[in-house]
Amino acid sequence: MDQFADRLRAAPQSRLQRGAAAEALQLARALARWAQEVEAPGAVPREMPDAGMFAAADQVTVAARDLAVVLTSDAEVAAAVRLVEEAQKRAGV
């Protein structure tokens, strides 16, 4: 996750505009939703707002760390890592 966030921070604006930031936001929202579902099963999850392309790396970082706190198994951690790796590939950073 840190590697993906660092690459987003270092990416040129043009790459962020071509979809890297949108991919990062989508990942951050998925991770945040997952964490909320673990913390409050049955509650309606709140959607992470779009804070702009330059905040995408921070949003991924916050969402991933929030999720890491509530995961309880190695399998869940591995699934979260796969989500991040797949998003990084799609983002092209």
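Just above, that's the structure.
Rules behind the numbers
- Residues numbered from 1 in each chain as written.
- Predicted model: local features only at pLDDT ≥ 70, side-chain atom pairs only at ≥ 80, totals over all residues.
- Heavy atoms only, no water.
- Core = buried A, V, L, I, M, F, W, Y, C linked by side-chain atoms within 4.5 Å.
- Buried < 20%, exposed > 50% of the residue type's maximum accessible area, 1.4 Å probe, protein only.
- Helix = DSSP H or I, 4+ residues; strand = E, 2+ residues; numbered from the N terminus.
- Contact = heavy atoms within 4.5 Å.
- Polar contact = N/O pair within 3.5 Å; in protein donor to acceptor, adjacent residues only side chain to side chain.
- Arc of directions from axis to C-beta.
- Salt bridge = Lys/Arg side-chain N within 4 Å of Asp/Glu carboxyl O.

All right, on to the nonpolar core then. If you look at the biggest cluster of nonpolar residues, it comprises 28 residues, and the most contacted ones within it are Phe4, Leu8, Leu27, Leu31, Leu67 and Val93. For this core, the secondary-structure elements that each account for two or more residues are α1 (2–10), α2 (13–39), α3 (56–70) and α4 (74–91). With 10 residues, α2 is the largest single contributor of residues to this core. The residues touching Leu31, leaving out its near neighbours within four places in the chain, are Ala63, Ala64, Leu67, Leu83 and Val84.

Mapped onto the secondary structure, Thr61 falls in helix α3. At a separation of 3.5 Å, a polar atom in the side chain of Thr61 contacts the side chain of Arg9. Excluding anything up to four places from it in sequence, Thr61 contacts Met1, Ala5 and Arg9.

Inspection of the secondary structure assignment puts Glu23 in helix α2. Its relative accessible area of 10% is what places Glu23 among the buried residues. Placed 33 residues apart in sequence, Glu23 and Ala56 show a C-alpha to C-alpha distance of 8.8 Å.

For the rest of this paragraph, the subject is α1. For α1, the complete set of buried residues consists of Phe4, Ala5 and Leu8. On an axial view of α1, the arc spanned by its buried residues comes to 95 degrees, and they lie on one face. Structurally, α1 contributes buried residues whose contacts are with α2, α3 and α4.

Glancing now at the pattern of salt bridges. All told, the structure shown has five salt bridges when counted by the stated rule. Here Glu23 and Arg90 are joined by a salt bridge, their closest N and O atoms 2.8 Å apart. Here Glu23 is found in helix α2, whereas its partner Arg90 is found in helix α4, with 67 residues between them in sequence. By relative accessible area, which is 52% here, Arg90 ends up exposed. For Arg29, the salt bridge goes to Glu47, with nearest N and O atoms at 3.4 Å. Of this pair, Arg29 sits in helix α2 while Glu47 sits in the loop between α2 and α3, and the two are 18 residues apart along the sequence. Classification of Arg29 as partly exposed rests on a relative accessible area of 23%.

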